[in-house]
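These are the residues of each chain, in order.
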Amino acid sequence: MNFLTKSYLAYSHGEKTVSPWVILKPLGWLGSVIVGTRRAFYDHGVYASEEPPLPVISVGNLTTGGTNKTPFVEFIAEQLSRWGLKPGIVSRGYGGTTSEPVVVLNGRGDRSVVGDEPLLLSSRLTDVPVAVSSDRMADVAALLDHDVDIAVADDAFQHRRMVRDVDIVLVDATCPFGNGTSLPNGILRELPGSLSRAHAVVISKSDQTSPEALRRLKERISHWVPQERIFYSRLADPLWERWDGERFVPVGKNMTAFSLTVFSAIGNPHSFRNTVLKSGAAILHEFEFKDHHHYDANDLQKIEDAARKSGGKAICCTEKDIFNLPRGYVPRVPLYVPRISALVEEPGRFWNVVVQALRPQIVVASNGYGEDAIGARLARKAAQRFPQAEVCAFPLVGSGIPYKKIGVRILPPLSKSPTGGIIKYHLRDLYQEIKAGLFRQISRQLSAWNQLRSSCRTVLCVGDAYLLCHTLWGQGKKALMVATAKTKFISGHWKLESFLYRKGCRKVWTRDEETAVELRQNGVAAVFEGNPIMDLSCDNTKGTVPWGEGRRLLVLPGSRERAYKDLGLLLRALGKISERCAIAAVMVPAPSIDIDTLVKTAVGWEFDGLHLRRGRLDIVIYRGEVADAARGAELLLGLAGTANQVCAGLGVPVLSVIEKGKLVQKKLLGDSELLVEADADVLAEAALDLLADAERLAHMSSEGRLRLGQSGALDAVLNYASEQLGWKKRAFVYDELSKRMKFDR
């Protein structure tokens, strides 16, 4: 290592504060700006991260080399193997040339292709496949061919494109952050605040500094990471071996009788020197080379000559250096190598943190009352499919009542939306939302996303492009999208929406095949595998609906605030219908509607908790699923949105009123829906005409089933997540490790 290199390293590591290398400070500042911008882009989905098909434990650092990452990767993989799992390792392969994944087995590989560290790891862990390339996502996929359960990623903390399940960051106790500045002025790849992304921080080489220095370092790190997630690690006393050019020959642990000339090409040669001295050997001469240096014959000749001249007659290097020696090299003087391994203090506590971070956290996000209902169905299916996971909900609008009903934890702070989140039809609705604190609520929701950034799996979105933007900006990972808001039958998707789906979604499930084709033509990974709206008609409790005698009319007042006002219109219409026809009416209030408040608007009517009565007219208030009631109905008087569509898909003719939202819905429902003026007389007359026309009712029923199609989208979403995103494997790994941890206790 020449004088300039030594001078630069002394400055960048903080050993010298006065140095001509201070001219690099502006570049260090620029480097931190670039890295910070890149981090922000990944945090907010401008550069979107993707979930690999296997759970991943990353072992990384904030600085350039020298934190004992390689032995720590070995420590993690060995323990996972000991617990009965099959781990694999992914590595960048520094010093190698491959750009496509190459899997190294049993230490066999070309150093010029895969680099030195993958060969070292593979030779030490003969049953563990090591995938090497510049594309870590492709590496993880390559490990699937080797029946791997979990991947350990070497040096992946800065590889933001690949989502990791656990981020372990090593901090060198002897030189934590160098001179505290970014490359090239310092040794930091990221500023220390990035430790907040880590699930665990391990202070390595804890035996090479004073207890007071360790305490101060831990206190500093605790500004970004809770102390219960900070650990100490050191290297175990090495087992010494002699390399004869083909194999390692065991020597033992005691090296007190040896005087050595040492050489190394690693990130921190000082740590290697300490290892040699602690073993009792004397160092007569030392050669330091750049990390991953590939030795040639001249290098080795100088090293051997120095050993002879010094009188020591033996040389020493690290195990990694062996893989950088020229092919066929046979040392002319004895070459000794310390075989090192990492130890963690309080291993039980350490593994408990790791295993808990491996628990899958599934988040279902939705933006609308109908979307909440679909989201709740998806959340329930996810909890049944992956019982080991924690399933949470992130409703953007309203109070998330469908999620509460099934016991799913709601993550963001909730607020009541005066318009139900529908602001696209009238500017006054947008004004109402802003007046009610729209921007303040968005800020609170984004803060809630921030807490999930390093913990949740790929988010399951039910809604539209706004929800996708919200989700991406909040946590950065590409989503799975159940696109319920738009269909080609109505207006199709704007170019901007298609762009967002293309860039921000792993896959999109649409309401119909025509919409999927439209999105695919714009480069979106879109499929139609059943209408998610119709999934609301499946897996219900099949409750008994107490229909009375007469023509069966289903009544839906809607799910938004206006339902309290609209009830009067429906009741007046029902009264007029009952004067000319015997009817059995069942009303299903939406979960978002307070029934006591609703019936108070029915002036002159009596309510006993189950029936709403006035004279001979008796309306049953059914608190079960809309789909249960729809299966027995002949006609729907509906002012709802999604629920109207569910009923139409089940073959119930829909009668509703002319308004902007319903005119849009009419494009979707076609002849299955009849729209009339919002007048009780007109509504009653239209209902009586339909009830008298069996042929038209049959046509409307057939049209509704045809337009809405079959269910199945939600199961398709979870099938994709299970197999393509590795959720099934993640649940298995977490389950196995949890059992093992309990057994070991």
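Residues numbered from 1 in each chain as written. Predicted model: local features only at pLDDT ≥ 70, side-chain atom pairs only at ≥ 80, totals over all residues. Heavy atoms only, no water.

Visitor: When you look at the overall build of the protein chain in this model, what are you seeing that I'm missing?
Guide: Helices and strands together make up the secondary structure of the protein chain, namely 27 helices and 30 strands. Along the longest, intermediate and shortest principal axes, the C-alpha atoms of the protein chain span 115 × 50 × 50 Å. Within the span of the protein chain, comprising 745 residues, buried residues form 56% of the whole. The contacts in the protein chain between residues at least 6 apart in sequence include a share of 71% that link residues at least 24 apart. (Helix = DSSP H or I, 4+ residues; strand = E, 2+ residues; numbered from the N terminus. Buried < 20%, exposed > 50% of the residue type's maximum accessible area, 1.4 Å probe, protein only. Contact = heavy atoms within 4.5 Å.)

Visitor: What should I look at first to understand the packing of helix α3 (residues 69–82) against helix α5 (residues 116–124) in this one?
Guide: What describes two packed helices is the angle between their axes and the distance between those same axes. Between α3 and α5, the least distance of the axes is 11 Å, while the angle of their chain directions is 35 degrees. Considering how the two elements wind past one another, α3 and α5 form a crossing that is right-handed. Only E117, L120, L121 and R124 of α5 make contact with α3, whose side of the interface consists of T70, V73 and E74. Across the contact of α3 with α5, the residue classes break down as three nonpolar, one polar and three charged. (Axes fitted to C-alpha atoms, helices over the stretch in contact; angles between N-to-C directions. Left-handed = near helix turned anticlockwise from the far one by under 90°. Nonpolar A, V, L, I, M, F, W, Y, C, P; charged D, E, K, R; others polar.)

Visitor: So what exactly am I meant to see when it comes to the packing of helix α23 (residues 660–669) against helix α25 (residues 694–708) here?
Guide: Viewed as axis vectors pointing N to C, α23 and α25 meet at an angle of 90 degrees, and their least axial separation amounts to 9 Å. As summarised for this structure, α23 and α25 are arranged roughly perpendicular, according to the angle between their axes. Taken together, the residues of α25 that come into contact with α23 (itself represented by K667, L668 and L669) are E703, R707 and L708. Split into classes, the residues belonging to the contact of α23 with α25 amount to three nonpolar, no polar and three charged. (Parallel < 35°, antiparallel > 145°, perpendicular 65-115°, else oblique.)

Visitor: I keep staring at the sheet that holds strand β13 (residues 315–316) and nothing clicks. Help me out?
Guide: What links the strands of a sheet is backbone hydrogen bonding, and the strands pair in either a parallel or an antiparallel sense. The mixed open sheet is built from six strands, whose spatial order is β10-β9-β14-β13-β11-β12. The sheet terminates laterally at β10 (248–252) and β12 (282–288), the two strands that pair on one side only. Sheet analysis places strand β11 (residues 259–264) next to β12, joined by six bridges and oriented parallel. The residue of β12 that forms the bridge with S264 is E288. (Pairing = 2+ DSSP bridges.)

Visitor: What should I look at first to understand helix α6 (residues 136–143) in this one?
Guide: Residue pairs spaced three or four apart in an α-helix point in one direction, given the helix's 3.6 residues per turn. Burial runs high along α6: six of the eight residues are buried. Taken as a whole, α6 has its buried residues at R136, M137, D139, V140, A142 and L143. Summarising the contacts, the buried residues of α6 are in contact with β1 (56–61), β2 (87–91), β3 (102–104), β4 (130–132) and β5 (150–154). Capping of α6 at its N-terminal end is provided by D135; its side-chain oxygen lies 3.2 Å from the backbone amide nitrogen of M137. (Polar contact = N/O pair within 3.5 Å; in protein donor to acceptor, adjacent residues only side chain to side chain.)

Visitor: Is there a simple way to think about the environment of Y466 in this case?
Guide: On the secondary structure map, Y466 appears in helix α16 (residues 465–475). Excluding residues that lie within four positions of it along the chain, Y466 makes contacts with N367, L396 and I442.

Visitor: Which parts of the structure should I look at to understand the packing of aromatic side chains?
Guide: Each aromatic ring pair is specified by the distance between its two centres and by the angle formed by the two planes. By the definition in use, this model includes 17 aromatic pairs. Summarising the aromatic geometry, the rings of Y8 and W21 are spaced 5.3 Å apart at their centres and angled 70 degrees between planes, so their arrangement reads as edge-to-face. Separated by 13 residues along the polypeptide, Y8 in helix α1 (residues 3–12) and W21 in the loop between α1 and α2 (25–43) bring together distant segments of the chain. The class for W21 is partly exposed, based on a relative accessible area of 23%. (Phe/Tyr/Trp six-rings, centres within 6.5 Å; stacked < 30°, edge-to-face > 60°.)

Visitor: In this structure, what is going on with the sheet that holds strand β20 (residues 479–483)? I would like to understand it.
Guide: Read from one edge of the open sheet, seven strands run β18-β17-β16-β19-β20-β21-β22, paired in parallel fashion. Lying at the two open borders of the sheet, with one neighbouring strand each, are β18 (409–410) and β22 (526–527). By the bridge criterion, four bridges tie strand β19 (residues 460–463) to β20 in an arrangement that is parallel. Bridge assignment links G463 to a residue of β20, and that residue is A483. Where helix α15 (residues 438–452) meets the sheet, it contacts β16 (361–366) and β17 (390–395), and its direction lies at approximately 160 degrees from that of β17.

Visitor: Where do I start with the pairing of strand β29 (residues 654–657) in this structure?
Guide: Where a strand is regular, its side chains alternate between the two sheet faces. Residue alternation in β29 divides its side chains into two sets, V654 and S656 and L655 and V657, and both sets are buried. For strand β28 (residues 635–638) and β29, the ladder comprises two bridges, and the chain directions are parallel. Its bridge partner lying in β29, L636 is registered against V654. Remark: the β28/helix α22 (residues 642–649)/β29 crossover connection has right-handed handedness. The sheet contact formed by β29 and strand β30 (residues 673–676) spans four bridges and is parallel. Counterpart to S656 in the pairing with β30 is L675. (Right-handed = clockwise from strand over helix to strand, strands pointing away.)

Visitor: How should the pattern of salt bridges be read in this particular structure?
Guide: Close approach of charged atoms allows side chains of opposite charge to pair. Tallied over the entire structure, the rule returns 45 salt bridges. The partner of E219 in a salt bridge is R215, with the nearest N and O atoms 3.0 Å apart. Of the two residues, E219 and R215 are both situated in helix α7 (residues 211–221); the distance of four residues between them amounts to about one turn of the helix. Given the relative accessible area of 43%, E219 is considered partly exposed. Ionic contacts of the salt-bridge type, sharing partners, join the residues E51, D165, R457 and R730 into one network. (Salt bridge = Lys/Arg side-chain N within 4 Å of Asp/Glu carboxyl O.)

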